[in-house]
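Descriptive structure summary
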Amino acid sequence: MAPKKQNLAQGYTSPMRSVADDLRDELREQEKHLPWEERMQHVLRLGERGLAVYAQANGVDRETARREFQRRRQAGRRPSKCMSEIIG
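Residues numbered from 1 in each chain as written. Predicted model: local features only at pLDDT ≥ 70, side-chain atom pairs only at ≥ 80, totals over all residues. Heavy atoms only, no water.

1. Topic: the overall build of the protein
- When helices and strands are tallied, the protein shows four helices and zero strands.
- The order of helices and strands in the protein, counted from the N terminus, is α-α-α-α.
- When burial is assessed residue by residue, the protein has 7% of its 88 residues classed as buried.
- As presented, the protein carries roughly 8,300 Å² of accessible surface, and 56% of it is formed by carbon and sulfur atoms. (Helix = DSSP H or I, 4+ residues; strand = E, 2+ residues; numbered from the N terminus. Buried < 20%, exposed > 50% of the residue type's maximum accessible area, 1.4 Å probe, protein only. Areas by Shrake-Rupley, 256 points an atom, 1.4 Å probe, with all protein chains shown as cover.)

2. Concerning helix H2 (residues 36–58)
- Its 23 residues give H2 an end-to-end C-alpha distance of 33 Å, which sits within 8% of 33 Å, the value for a rise of 1.5 Å per residue.
- Those residues of H2 lying buried are Leu51, Tyr54 and Ala55.
- Residues of H2 that are buried sit in contact with helix H3 (62–74).
- In the segment just after H2, Gly59 is the residue with positive phi, at about 65°. (Expected span 1.5 Å × (residues − 1). Contact = heavy atoms within 4.5 Å.)

3. Looking at the pattern of salt bridges
- By the definition in use, this model includes eight salt bridges.
- Put simply, Asp21 and Arg24 hold a salt bridge, and the shortest N to O gap is 2.5 Å. Within this pair, Asp21 and its partner Arg24 are both found in helix H1 (residues 19–32), separated by three residues, close to a single helical turn.
- Taking the shortest distance from any N to any O, the salt bridge between Lys32 and Glu29 comes out at 3.5 Å. One end of the pair is Lys32 and the other is Glu29, both in helix H1 and three residues apart, which spans about a single turn.
- Lys32 sits in the exposed class, given a relative accessible area of 57%.
- In this structure Glu29 comes out as partly exposed when scored by relative accessible area, which is 39%.
- Via salt bridges that share partners, Arg17, Asp22 and Asp25 belong to a single interconnected network. (Salt bridge = Lys/Arg side-chain N within 4 Å of Asp/Glu carboxyl O.)

4. Considerations on the packing of H2 against H3
- Direction vectors running N to C along H2 and H3 enclose 105°, while the axes themselves pass 9 Å from each other. The angle between H2 and H3 places the two elements in the roughly perpendicular class. In this structure, H2 uses Glu48, Leu51, Tyr54 and Ala55 to contact H3, whose residues at the interface are Arg62, Ala65, Arg66, Glu68, Phe69 and Arg72.
- Here the contact of H2 with H3 is composed, by residue class, of five nonpolar, no polar and five charged. (Axes fitted to C-alpha atoms, helices over the stretch in contact; angles between N-to-C directions. Parallel < 35°, antiparallel > 145°, perpendicular 65-115°, else oblique. Nonpolar A, V, L, I, M, F, W, Y, C, P; charged D, E, K, R; others polar.)

What follows is the structure in structure tokens.
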């Protein structure tokens, strides 16, 4: 009987978990137990935070950053006169 071939993609040891992986799992577990309203508030705060970080990193105001996100979201979609009038 031929010996089994080892999957080289797996390697010899199991993948290591980082502190960030553990923290992410812990935060997800905590958020599962929050009421829906609190989870939505958290998501909206994260969105605002991301928008603020992007605006600061690119030296633009909040509204310009928001429009840029909308433009990127529309990239690759069928052109729409309505959307081009809204986001420029």
